[in-house]
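# Inside the fold
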Amino acid sequence: MTFSRFFFNSSIIRQNLRQHGWIGIIYTLGLLFALPLQMFMSNDPYAKPQKVMSLFFVGGEIQMMFAVTVPIAAGLFLFRYLQAKMPSDFYHSLPLRREHLLVSHIVSGLILLMVPVLLTAAVAGVVRPLDGNMFIYSGWAVWNWALTVIIYTLFLFMFSLFIGICTGQSILQGMVIFILLLLPVMMIKLLNRHLGMYLYGYPEWYGTMANVEVWSPILQMVYVKTNPVQAMHLWLYAILSVLLAGLSVVLYRKRHSEKAGQAIAFTYFNPLFKAGFMLCTMLISGTYFGELKQQQLGWILSGYIAGALLGYIAAEMIIRKTWHILSRRVPVEFAVYAGLLGLLLYVPVTSMTGYEGRVPDGEKVQAVYAGGNYRMFTEDMNVYGTPQAMYHEEAFTGDRNYIEAVRNLHQALVTVRPEGPSYTTSEFRSFRQMDFVYELDNGRKVHRAYMVPEQGFEPELRAVMESEGYKRKEYMLSRLEADIETIRLSYFNKAVAISEPQEVKELTEILQREYLNMTYDDQTSSRTSFAFLQIMGKPHADGYQMSYGYDWKPSFQELGAWLTEKGYADRVRIKASDVTSAEIIRNNYSQRIPAEERYNVEAQMKLARSEEASAVITDAGIISEILENQRSYADQKGQYLVKIIYKQEKRTDYISLHEQDMSPAFKALLP
């Protein structure tokens with residue numbers, strides 16, 4: 001009786017430990033297997049100990065599997081008495097207040113779950129200096145691991161308890177737990193896709209989609225190796241655990257024991273359950289039909305209505321525990337739910353919000369970003385579990401002329417609203433994926449994303465793409481100013497490395513000038529690069545070495561002259577002596593072969609040969625001319641399709657040539 005004054009009963013705790021002690025034993029064995037034991041296991045007898053910043057790198061995903069499932073299972077088994085009539089009647093007939101019962105079970109769960117975590121952390125700390133341990137880690141790593149797992153375990157256990165009090169069936173409790181823990185991520189993705197389908201300019205793949213796993217405790221644990229849990233999230237889960245415990249106590253005092261076996265223990269949760277279920281099914285079904293039959297309003301509406309109907313029927317059957325759900329109120333209630341949820345989904349994508357046509361006032365814009373690399377400036381790059389803030393760079397440019405150029409292009413796009421590209425490769429190449437991000441004077445950001453066609457927007461695109469601000473961000477030129485160790489030039493089977501500091505300095509300076517001097521035509525040209533430059537930075541303290549890629553474009557005259565002078569050009573460029581032959585046809589055959597083979601360029605070549613409309617060229621001068629002017633292959637009528645066979649490994653390439661790329665002597669060889 002003494003302990004009853006402190007809101008828990010020792011007899012209940014002892015009974016729980018006898019009955020459910022296997023949970024603690026499994027958790028202990030699982031964590032010991034997933035962490036300390038893994039430290040001494042290696043398939044390579046010559047492997048050296050590896051330095052790790054976090055113990056979550058040890059044992060892969062095994063420890064996450066135990067850390068996620070066991071706390072939820074503990075909540076299911078310890079509070080099983082709430083969901084079955086006989087145990088519920090027995091426990092609630094004891095001379096104990098409900099607070100005593102609940103707190104006693106919570107304390108039992110904490111003993112079963114916390115002791116294994118602390119024991120595992122202690123073992124991991126003790127074995128740290130032992131021979132045979134394949135990992136080198138600090139005492140802080142042990143403490144960080146223990147704190148993270150304790151808070152996650154506490155949160156998942158309290159969440160399992162809270163859902164158990166709100167539901168009346170253990171199976172439903174388990175399903176709802178996992179659904180709700182994953183639901184935020186699923187809803188973000190579905191809503192993101194919904195807005196992306198119907199809002200012109202919505203940046204679907206950035207913003208809310210960045211690090212979306214932080215919205216789910218389960219996914220956050222799955223990705224904890226690459227995305228370490230931030231202190232803010234640990235505080236949040238700790239606070240949520242306390243709130244869930246408090247809410248559980250409040251709700252448990254109001255819960256009727258007769259609710260054991262019912263789906264939802266509190267009737268005022270039923271509307272929320274139905275609406276949430278319907279919203280999910282509407283988004284899934286509507287998005288699915290919308291993807292299959294884009295621009296067909298009938299199919300899209302049918303998808304949303306079918307999703308609403310299925311969601312309502314399923315929710316009603318779960319709540320009533322029967323499929324006999326038809327009654328007079330059902331059609332009316334369904335219509336009300338469907339109408340309200342339909343409005344909830346429809347209003348954000350209507351023109352009344354002004355989202356699609358909104359271009360920020362130039363006077364309110366402090367700086368702007370335009371280009372296809374915005375993600376590189378915004379997302380943390382985690383290397384071996386350590387956020388690499390050193391790669392961050394300011395994405396925005398404050399030049400007023402550049403801001404106006406971006407605004408003009410943006411305004412032209414929202415006025416014309418051009419159609420997006422089809423799925424053919426050649427059409428995709430005539431579009432540019434661009435993000436427009438404005439930094440306003442009030443600190444807010446306005447972000448839009450478009451597929452911008454080159455045709456019809458040349459003046460606006462030229463003004464943006466020829467700006468220094470655009471080139472510096474789009475081609476990441478700041479990386480050419482970093483501490484570079486080696487530059488590797490390569491093409492096909494040829495490569496050369498430049499590591500002499502003075503040459504590296506000269507080459508990077510030339511490369512910067514070449515990129516900054518590029519015209520709009522140079523940037524949109526389909527001519528293929530002569531070689532690729534891989535910039536290798538000096539290794540960081542953690543051993544990681546970053547690399548970036550650049551092109552030796554045909555328009556880079558100064559770069560070509562420097563590489564020729566240094567003797568590197570001949571060592572990386574493909575020459576006529578590397579080529580066995582080149583076969584050329586007019587690109588008029590893709591429409592004459594079966595649709596399923598339209599993009600089979602060899603089938604086009606074969607048809608041209610059958611009509612004696614191809615020419616095989618072995619002349620070194622003409623082959624040099626082809627290599628000098630080659631373009632990326634595109635299925636465009638009127639161009640020329642060239643099959644190049646190289647001597648090395650008999651490699652074959654297909655490229656395109658334009659009429660203006662060919663000399664009169666070349667044209668004279670054609671049939």
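Everything below is about the structure shown above.
Residues numbered from 1 in each chain as written. Predicted model: local features only at pLDDT ≥ 70, side-chain atom pairs only at ≥ 80, totals over all residues. Heavy atoms only, no water.

The four strands lie next to each other as β13-β12-β14-β15, forming an open sheet whose pairing is antiparallel. Two strands in the sheet have a free side with no partner beyond their single neighbour: β13 (615–617) and β15 (652–657). Mean inter-strand twist for the sheet, computed between neighbouring axes without regard to direction, equals 25 degrees. Both strand β14 (residues 640–646) and β15 contribute to a ladder of six bridges, which runs antiparallel. Residue pairing across strands places Ile-644 opposite Asp-653, the latter belonging to β15. Sitting on the sheet, helix α22 (residues 620–629) touches β12 (579–586), β13, β14 and β15, and the angle it makes with β15 is about 75 degrees. (Pairing = 2+ DSSP bridges. Helix = DSSP H or I, 4+ residues; strand = E, 2+ residues; numbered from the N terminus. Axes fitted to C-alpha atoms, helices over the stretch in contact; angles between N-to-C directions. Contact = heavy atoms within 4.5 Å.)

Across its 28 residues, helix α5 (residues 139–166) extends 41 Å between first and last C-alpha, which sits within 8% of the 40 Å expected from 1.5 Å per residue. Most of α5 sits inside the fold, with 21 of its 28 residues counted as buried. (Expected span 1.5 Å × (residues − 1). Buried < 20%, exposed > 50% of the residue type's maximum accessible area, 1.4 Å probe, protein only.)

Before going further, it helps to examine the side chain of Arg-448. The residue Arg-448 is located in strand β7 (residues 445–453) in this model. Polar contacts involving the side chain of Arg-448 include one to the main-chain carbonyl oxygen of Tyr-355, which spans 3.3 Å. Apart from the residues within four sequence positions on either side, Arg-448 is in contact with Gly-201, Pro-203, Tyr-355, Arg-358, His-410, Met-434, Asp-435 and Phe-436. (Polar contact = N/O pair within 3.5 Å; in protein donor to acceptor, adjacent residues only side chain to side chain.)

Before going further, it helps to examine the pairing of β7. For β7, a buried count of seven out of nine residues is recorded, marking the element as mostly surrounded by other parts of the structure. Across nine bridges, strand β6 (residues 431–440) lies against β7 in antiparallel orientation. Bridge assignment links Met-434 to a residue of β7, and that residue is Tyr-450. Here β6 folds back onto β7, and the loop between the two strands holds four residues, one of which, Gly-443, carries a positive phi near 90 degrees.

Following both chains from N to C, one finds helix α10 (residues 297–320) and helix α11 (residues 329–346) inclined at 130 degrees, their axes separated by 10 Å at the closest point. Classified by the angle between their axes, α10 and α11 sit oblique to one another. Between α10 and α11 lies a crossing of right-handed hand. Contacts between α10 and α11 pair Tyr-304, Ala-308, Leu-309, Tyr-312, Glu-316 and Arg-320 from the former with Arg-329, Val-330, Glu-333, Phe-334, Tyr-337, Ala-338 and Leu-345 from the latter. Its residues placed into classes, the contact of α10 with α11 shows nine nonpolar, no polar and four charged. (Parallel < 35°, antiparallel > 145°, perpendicular 65-115°, else oblique. Left-handed = near helix turned anticlockwise from the far one by under 90°. Nonpolar A, V, L, I, M, F, W, Y, C, P; charged D, E, K, R; others polar.)

Let's shift gears to the packing of aromatic side chains. By the definition in use, this model includes 28 aromatic pairs. Aromatic pair Tyr-202 and Tyr-355: ring centres 6.3 Å apart, planes at 45 degrees, arrangement tilted. Taken together, the residues Tyr-202 in the loop between α6 (170–198) and α7 (217–222) and Tyr-355 in the loop between α11 and β3 (365–371) connect sequence positions 153 residues apart. Per residue, the accessibility class of Tyr-202 equals that of Tyr-355, and both read buried. Both rings, one in Phe-266 and one in Phe-269, keep their centres 5.9 Å apart while their planes meet at 80 degrees; by these two values the pair is edge-to-face. Note on Phe-266: relative accessible area 5%, which makes it buried. In this structure an aromatic cluster arises from ring pairing among Phe-79, Tyr-81, Phe-90, Tyr-91 and Phe-157. Arg-573 extends its terminal NZ or CZ atom over the ring of Phe-530, reaching a point 3.6 Å from the ring centre. (Phe/Tyr/Trp six-rings, centres within 6.5 Å; stacked < 30°, edge-to-face > 60°. Lys NZ or Arg CZ within 6 Å of the ring centre and 35° of its normal.)

So, about the sheet that holds strand β9 (residues 494–498). An order of β9-β8-β10-β11 is seen for the four strands of this open sheet, with the pairing classed as antiparallel. On the outer flanks of this sheet lie β9 and β11 (547–552), each paired with one strand and no other. Put simply, the sheet's adjacent strands are angled 20 degrees from each other on average, direction ignored. Here helix α17 (residues 501–516) sits on the sheet and contacts β8 (484–491), β9, β10 (531–537) and β11; the angle it forms with β8, its principal contact strand, is near 65 degrees.

For the pair helix α1 (residues 10–34) and helix α4 (residues 98–126), the least separation of the axes is 9 Å and the interaxial angle reads 25 degrees. Put simply, α1 runs roughly parallel to α4. Both α1 and α4 take part in a crossing whose hand is right-handed. Of the residues that constitute the contact of α1 with α4, the class distribution is 15 nonpolar, nine polar and no charged.

That's the geometry; what it means functionally is another story.
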